[in-house]
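The residues making up each chain are set out below.
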Amino acid sequence: MVSLMQGRLPINQDVLLMQKGMLVRKVRSKSWKKLRYFRLQDDGMTVWHARQAGGKAKPSFSISDVETVREGHESELLRSLAEEFPLEQGFTIVFHGRRSNLDLVANSVEEAQIWMQGLQHLVDFVTSMDQKERLDQWLSDWFQRGDKNQDGRMSFPEVQRLLHLMNVEMDQEYALQLFQAADTSQSGTLEGEEFVEFYKALTKRPEVQEVFENFSADGQKLTLLEFVDFLREEQKEGERASDLALELINRYEPSDSGKVRHVLSLDGFLSYLCSKDGDVFNPACLPIYQDMTQPLNHYYINSSHNTYLVGDQLCGQSSVEGYIRALKRGCRCVEVDIWDGPSGEPIVYHGHTLTSRIPFKDVVATVAQYAFQTSDYPVILSLENHCTWEQQQVMALHLTEILGEQLLSTTLDGLLPTQLPSPEELRRKILVKGKKIQTLEEDLEEEEEEEVLESQLEGEQEAKPELEAQFESEPQELSPRSKDKKKDKKSKPIMCPSLSALVVYLKAVSFHSFTHSREHYRFYETSSFSETKAKSLIKEAGNAFVQHNAWQLSRVYPSGLRTDSSNYNPQELWNAGCQMVAMNVQTAGLEMDICDGLFRQNGGCGYVLKPDFLRDIQSSFHPERPISPFKAQTLLIQVISGQQLPKEDMTKERSIVDPLVRVEIFGVRPDTTRQETSYVENNGFNPYWGQTLCFRVLVPELALLRFVVNDYNWKTRHDFIGQYTLPWTCMQQGYRHIHLLSKDGTSLHPATIFVHICIREGLEGDES
């Protein structure tokens, strides 16, 4: 079958040469470098590889899996092999999610350019695809999988096999009926558009038709007024419903005559429900919509722990790739553990373990390159400095020389601030968090004294040139206080002054008690807590922690016992207003779903404004015992149906999933709960549940919802299929589709669940 995308594929010379295939070297490590034959399939959307041309090929990746293509010199691995392979012949394919990069070396610079340019060309095309084109591509991928003998057409046995792959359990007679109806050429096989018609017959949505007919007088179309009623009554769009109805008809009605008559057909209605406008996530929360002019401590900050690690904490690989991935996914606080290295160059690794080492200057260069690709808001470098005085000087030099203007090395206006600056004021700035010899006040005083000294020197040099040598050798004589300090530093160096001076707004200090912090610390001083310490403080003094976080920044990091790089639930810490809750972002799972869910809003910029009761230093809020005046709400979720749910294990051709939906709420302790539907047997393609779940929530401002689809399995307590997590405050009411994500956070398009959501003020009914 010629790809459904073929007519729209942006074919160029590079793509044509990729479709002919090419022998390239696949590089996994310094010792694993093997020749492989890579070829772009005729569909233009999948790349297969074999050990040699004409050998048995297997799928390598789909173009939709690829995030970007990098040049050879950007790969740590290829740089380490530069003497063996010219860097210009190397390139790296970077995938979405946590899949490892693919490093390849072509036989010539020209061949490398063909693959780099061709792949990027196709990636750009896939990124710009609309909803229909994405569906066409998904169908094309399935056709490739189902067409076992690769003859471009599908026989009925192949279709039966494909139905199993697609999670469809269907009566053989009914399947044959659909097959014959779609086979308009009567060839006994399905090709191109015939397969599309077969798919359409499979995916009829009676539950959507029922909703449509409830509002349509003639059952054929929704008039403008009928659609306005639907948007107002069901979708809770309020006063904007009239304007929105016209906008949505123009956007989703497929027929030109329908657009002119201002009516919406069933196809247009379904297109709207499956679109971003019909999504459970409110599109108004997608761009930066929050006030970004408040002090830094008023925001949750997307934070990474031991960012250099891409594996476990004991033997894992340290890599600048950890920083690239963290920064590109929106992390704004990254951690750097620095130790003395060979040849006077500081290195980054997890001290006293077998993790590999990377040069500190490489980390700084990577941060400089990637800091602001995803977000313009400030990046915090959390330094764990274990270096001697000499290598600290080298650190300071690398930070100032490599980061240049990006580095914030003094207060914004040179004056002593009264509160932390805002993300807006710190746009495109990199801040250093770490230990500091003295206070910011003393720093600024010294700067002032130095300026006075310089002007005095200039004046006296003009009048008395003979004093020049004396001033150069002993300028500290003019500042006895500074002189004493410098003597102390020479006798017992705690920290190199040049590195200390780069810590401006984020001075790291030890935590003793909330009273001690209030009496002795300043707003620009910040403490770090292990997850265990932070959790016990929340239980012992939850309100004091909330008040502390209303004026000072806190960073929480995972327990040292998490040697496997597992994560803790960040919600408990966010409830107390902790801003930098550092996660092992390399490890997928529930905890990272929650983290990604919170930071999905506000443009994915890495900063989310805390609720007002967590920004008030007199706040009475206690995360363990929340009481009014919080506006409690009741949530009713009708889980209606599922669409094209994937199998967890694609190798099990004959097995078909038995899906169930679990809705989980994370928030303050009384709000944290879960409920699930019953399971539907043998149907992952279009399961129907029609079950309503009811939740009562005391503090909706802190709540996140996680929708999980599992394959029922009583032995393993269910197998994961997909999930989607979002903040309560970003949820749209009405009939909505939830577009599922994989365990890794990548799209499972077109897998969705169809729900109806209703939020009511107050707590209703008895506890279930």
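What you see is a predicted model; the values in this text were computed from it and never measured. (Residues numbered from 1 in each chain as written. Predicted model: local features only at pLDDT ≥ 70, side-chain atom pairs only at ≥ 80, totals over all residues. Heavy atoms only, no water.)

Caption draft 1: Up close: the overall build of the chain. Looking only at helices and strands, the chain has 23 helices and 28 strands in total. Relative to the compact-globule value of 27 Å for 768 residues, the chain shows a C-alpha radius of gyration of 30 Å, a close match. For the chain, the spread of C-alpha atoms along the principal axes amounts to about 105 × 70 × 55 Å. Split by element, the accessible area of the chain, about 34400 Å² in all, is 49% carbon and sulfur. Counting 81 positive and 112 negative side-chain charges, the chain places the centres of these two groups 5 Å from one another. (Helix = DSSP H or I, 4+ residues; strand = E, 2+ residues; numbered from the N terminus. Rg over C-alpha atoms; globule rule 2.2 N^0.38 Å. Areas by Shrake-Rupley, 256 points an atom, 1.4 Å probe, with all protein chains shown as cover. Lys, Arg positive; Asp, Glu negative; His and termini not counted. Charge placed at Lys NZ, Arg CZ, Asp CG, Glu CD.)

Caption draft 2: Quick look at helix α5 (residues 156–165). Buried residues dominate α5, accounting for eight of its 10 residues. Within the span of α5, buried status applies to Phe 156, Glu 158, Val 159, Arg 161, Leu 162, Leu 163, His 164 and Leu 165. Tucked inside the fold, the buried residues of α5 contact α4 (131–146), α6 (172–182) and α7 (192–202). The first or second residue beyond α5 is Asn 167, which carries a positive phi of 75 degrees. (Buried < 20%, exposed > 50% of the residue type's maximum accessible area, 1.4 Å probe, protein only. Contact = heavy atoms within 4.5 Å.)

Caption draft 3: Region of interest: the UniProt feature "domain: PH" (unreviewed entry) in the chain. As annotated in UniProt, the feature "domain: PH" (unreviewed entry) corresponds to residues 16–124 in the numbering used here. Between the C-alpha atoms that bound residues 16–124 the distance is 17 Å, and the span itself is 24% helix and 37% strand. (UniProt positions renumbered as here; feature names shortened; annotations may be inferred.)

Caption draft 4: Examining the domain arrangement of the chain more closely. Split into domains, the chain comes out as domain 1 (1–128), domain 2 (132–203), domain 3 (206–278), domain 4 (296–439 + 493–614) and domain 5 (633–761). For domain 3 and domain 5, the distance between their C-alpha centres works out to 25 Å. At the junction of the two partners, domain 3 supplies 15 residues and domain 5 supplies 13 residues. Both sides together, the interface formed by domain 3 and domain 5 hides about 1100 Å², and carbon and sulfur atoms give 50% of it. (Domains from an automatic or database assignment. Buried area = accessible area lost by both parts, 1.4 Å probe.)

Caption draft 5: Fine view of helix α23 (residues 590–599). Most of α23 sits out of view: eight of its 10 residues are buried. Along α23, the residues that are buried comprise Met 592, Asp 593, Ile 594, Cys 595, Asp 596, Gly 597, Leu 598 and Phe 599.

Caption draft 6: Focus on unusual backbone geometry. A cis geometry characterises the amide bond from His 749 onward to Pro 750, with omega recorded as 5 degrees. By the element assignment, Pro 750 lies in strand β28 (residues 747–761). In this structure, Lys 236 takes a positive phi of about 55 degrees despite not being glycine. On the secondary structure map, Lys 236 appears in the loop between α9 (224–233) and α10 (241–252). Positive phi, close to 40 degrees, is recorded for Asn 306, a residue that is not glycine. Along the chain, Asn 306 turns up in the loop between β10 (299–304) and α13 (320–328).

Caption draft 7: Structural detail: the pattern of salt bridges. Summed over all chains, the structure comprises 32 salt bridges. Of the charged contacts, one joins Glu 531 and Arg 562 as a salt bridge, the two residues approaching to 2.5 Å between their closest N and O atoms. Here Glu 531, found in helix α21 (residues 531–549), pairs with Arg 562, found in the loop between β18 (554–557) and α22 (571–574); they are 31 residues apart in sequence, far enough to count as distant. Take Glu 531: its relative accessible area is 5%, and that puts it in the buried class. A salt bridge links Glu 572 to Arg 669, with the shortest nitrogen-to-oxygen separation between them at 3.7 Å. Here Glu 572, found in helix α22, pairs with Arg 669, found in the loop between β22 (659–666) and β23 (673–676); they are 97 residues apart in sequence, far enough to count as distant. Each of Asp 593, Arg 662, Glu 664, Arg 674 and Arg 706 takes part in salt bridges that share partners, so that together they form one network. (Salt bridge = Lys/Arg side-chain N within 4 Å of Asp/Glu carboxyl O.)

Caption draft 8: Examining a positive patch on the surface more closely. Together, Arg 28, Lys 34, Arg 51, Lys 56 and Lys 58 make up a region of like positive charge exposed at the surface. Locating Arg 28 in the fold gives a position in the loop between β1 (22–27) and β2 (33–40). Classification of Arg 28 as exposed rests on a relative accessible area of 54%. (Patch = residues over 30% accessible without salt bridge, like charges linked within 9 Å, V, L, I, M, F, W, Y side chains within 5 Å.)

Caption draft 9: The arrangement of the packing of aromatic side chains in detail. Per the stated rule, a full pass over the model turns up 23 aromatic pairs. Seen from the ring of Phe 95, Arg 99 lies directly overhead, with NZ or CZ sitting 3.9 Å from the centre. Cation over ring: Arg 205 sits above Phe 754, and NZ or CZ is 5.3 Å from the ring centre. (Phe/Tyr/Trp six-rings, centres within 6.5 Å; stacked < 30°, edge-to-face > 60°. Lys NZ or Arg CZ within 6 Å of the ring centre and 35° of its normal.)

Caption draft 10: Broad picture of empty space enclosed by the protein. For the coordinates displayed, the defined rule picks out one cavity of 30 Å³ or more. Space inside the largest cavity adds up to approximately 40 Å³. Looking at the lining of the largest cavity residue by residue, the classes come out as six nonpolar, two polar and no charged. (1 Å grid on protein atoms, 1.4 Å probe; cavity = no way out; pocket = protein on both sides within 12 Å on 5 of 7 lines; lining within 4 Å. Points joined across faces, edges and corners; volume = space filled by probe spheres on them. Nonpolar A, V, L, I, M, F, W, Y, C, P; charged D, E, K, R; others polar.)

Caption draft 11: Structural context of the UniProt feature "domain: PI-PLC Y-box" (unreviewed entry) in the chain. In this numbering, the UniProt entry assigns the feature "domain: PI-PLC Y-box" (unreviewed entry) to residues 499–615. Helix and strand shares over residues 499–615 are 36% and 20% respectively, and the end C-alpha atoms of the span are 32 Å apart.

Caption draft 12: The pairing of β28, seen in detail. Of all 15 residues that make up β28, 11 are buried, and the element is covered over most of its length. Alignment of strand β21 (residues 633–643) against β28, held across 10 bridges, turns out to be antiparallel. Its bridge partner being in β28, Leu 636 is matched across the sheet by Cys 758. The sheet contact formed by strand β27 (residues 734–741) and β28 spans seven bridges and is antiparallel. The residue bridging Arg 736 from the neighbouring strand is Val 755, located in β28. (Pairing = 2+ DSSP bridges.)

Caption draft 13: The state of the cysteines, seen in detail. Considering all chains together, one arrives at zero disulfides under this definition. For Cys 387, which is in no disulfide, the shortest distance to another cysteine sulfur is to Cys 496 and amounts to 11 Å. Exposure remark for Cys 387: the relative accessible area of 8% places this residue in the buried category. For Cys 758, which is in no disulfide, the shortest distance to another cysteine sulfur is to Cys 694 and amounts to 9.9 Å. (Disulfide = S-S within 2.5 Å.)

Caption draft 14: Representation of the sheet that holds β2. Spatial strand order, β4-β3-β2-β1-β7-β6-β5: seven strands in an open sheet with antiparallel pairing. Single-partner strands in this sheet number two, and they are β4 (58–62) and β5 (66–71). Adjacent strand axes in the sheet meet at a mean angle of 35 degrees when their direction is disregarded. Bridge count for strand β3 (residues 46–50) against β4 is four bridges, and the pairing is antiparallel. Bridge assignment links His 49 to a residue of β4, and that residue is Lys 58. (Axes fitted to C-alpha atoms, helices over the stretch in contact; angles between N-to-C directions.)

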